[in-house]
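Reading the structure
Below, each chain spelled out in residue letters.
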Amino acid sequence: MTDSDEKLLQACRRGDGVAWEMLVKRYQKLIYTIPRRAGLDEDEAADVFQEVFITLFEKLDGIEHPERLHAWLVTTARRKTWRQISRRRTLQQPTDSAEAGEKEFENLPADAPLPDEVLMKLEEQHRVRTALNALDERCRKLLTVLFYSVETPPYSEIAATLGVPEGSIGPTRARCLQKLLKTLEKSVD
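Residues numbered from 1 in each chain as written. Predicted model: local features only at pLDDT ≥ 70, side-chain atom pairs only at ≥ 80, totals over all residues. Heavy atoms only, no water.

1. Focus on the overall build of the chain
Tallying secondary structure elements over the chain gives 9 helices and 0 strands in all. Ordering the α and β elements of the chain from the N terminus gives α-α-α-α-α-α-α-α-α. Every one of the 189 residues in the chain was classed for burial, and the buried ones make up 31%. In the chain, of all internal contacts separated by at least 6 residues, the share reaching a separation of at least 24 is 62%. As displayed, the chain has an accessible area near 12,700 Å², and 52% of this comes from carbon and sulfur atoms. (Helix = DSSP H or I, 4+ residues; strand = E, 2+ residues; numbered from the N terminus. Buried < 20%, exposed > 50% of the residue type's maximum accessible area, 1.4 Å probe, protein only. Contact = heavy atoms within 4.5 Å. Areas by Shrake-Rupley, 256 points an atom, 1.4 Å probe, with all protein chains shown as cover.)

2. Let's talk about the packing of helix α1 (residues 5–13) against helix α2 (residues 17–37)
Remark: α1 packs on α2, axes separated minimally by 8 Å, with the N-to-C direction vectors making an angle of 140 degrees. With respect to α2, the element α1 is oriented oblique. The two elements α1 and α2 meet at a crossing, and its hand is left-handed. Only A19, W20, M22, L23, R26 and Y27 of α2 make contact with α1, whose side of the interface consists of D5, L8, L9, A11 and C12. Each residue belonging to the contact of α1 with α2 can be placed in one class, and the counts come to 9 nonpolar, no polar and 2 charged. (Axes fitted to C-alpha atoms, helices over the stretch in contact; angles between N-to-C directions. Parallel < 35°, antiparallel > 145°, perpendicular 65-115°, else oblique. Left-handed = near helix turned anticlockwise from the far one by under 90°. Nonpolar A, V, L, I, M, F, W, Y, C, P; charged D, E, K, R; others polar.)

3. A closer look at a negative patch on the surface
There is a patch of like negative charges on the surface, built from D41, E42, D43 and D47. For E42, the location among the structural elements is in helix α3 (residues 42–58). Residue classification places E42 among the exposed residues on the basis of a relative accessible area of 53%. (Patch = residues over 30% accessible without salt bridge, like charges linked within 9 Å, V, L, I, M, F, W, Y side chains within 5 Å. Salt bridge = Lys/Arg side-chain N within 4 Å of Asp/Glu carboxyl O. Lys, Arg positive; Asp, Glu negative; His and termini not counted. Charge placed at Lys NZ, Arg CZ, Asp CG, Glu CD.)

4. As for the environment of G170
Looking at the element boundaries, G170 is found in helix α9 (residues 169–188). For G170, a relative accessible area of 21% corresponds to the partly exposed category. G170 sits 15 residues away from Y155 along the chain, and the two C-alpha atoms are 8.9 Å apart.

5. Here's the deal with a nonpolar patch on the surface
Residues F147, Y148 and L177 make up a contiguous nonpolar surface patch of about 300 Å² in total accessible area. Relative to the elements of secondary structure, Y148 occurs in the loop between α7 (137–147) and α8 (155–162).

6. What to know about the pattern of salt bridges
One side chain can pair with another of opposite charge once the charged atoms of both are near each other. Scanning all chains against the criterion turns up 4 salt bridges. Between R26 and D5 there is a salt bridge, and its shortest N-O distance comes to 2.6 Å. Placement of R26 in helix α2 and of D5 in helix α1 is noted, with a sequence separation of 21 residues between them. Since its relative accessible area comes to 18%, R26 is described here as buried.

7. Focus: the nonpolar core
L23, I31, F53, L56 and L73 are the most contacted members of the largest nonpolar core, which totals 25 residues. Elements supplying a minimum of two residues to this core: α1, α2, α3 and α4 (69–92). The biggest single contributor to this core is α2, with 7 residues. Not counting residues within four places of it along the chain, the set of residues in contact with L23 comprises D5, L8, L9, C12, L56 and L69. If you look at the next biggest cluster of nonpolar residues, it comprises 13 residues, including L132, L142, A159 and L180. (Core = buried A, V, L, I, M, F, W, Y, C linked by side-chain atoms within 4.5 Å.)

Scope: geometric values only; no functional claims are made or implied.
Shown next as structure tokens:
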């Protein structure tokens, strides 16, 4: 079972380096993905990532609702991403702002999701990964093999890999999915 954000934040406030590493590791994919999905290159995304965690470090004692750290980090990442995009546009922007707006609109793919939709999807993926990591090892391994593999292997292979009878995979999967659902429901509260 992993520590809650609140416990990790409290430990970070006491100067616990391991807690800081766990916190960064927990959110690194989500925070890095926000600027990448917004169109920033790897270096710019790394800058945003770094700025987010520097800001968190500077404001550790000022975060009033540690249980809402996830939302704080996402909001901070979005703001720093927007600032980075604004800086880039300022450097590259044509003199006529109407022309710039039209150019930007033309470059959007017709079927591209809107940034808020993308962010919501990223947050949901993060919630699922966090809940999956909170499960016991057996459930985590089984659900990872079943749902995170490019091609789901046959049950015989899964049974051999996990060292369980083939007939137990279906019922175990159902119990593990129930545990995952309960963990996800708790994370919404």
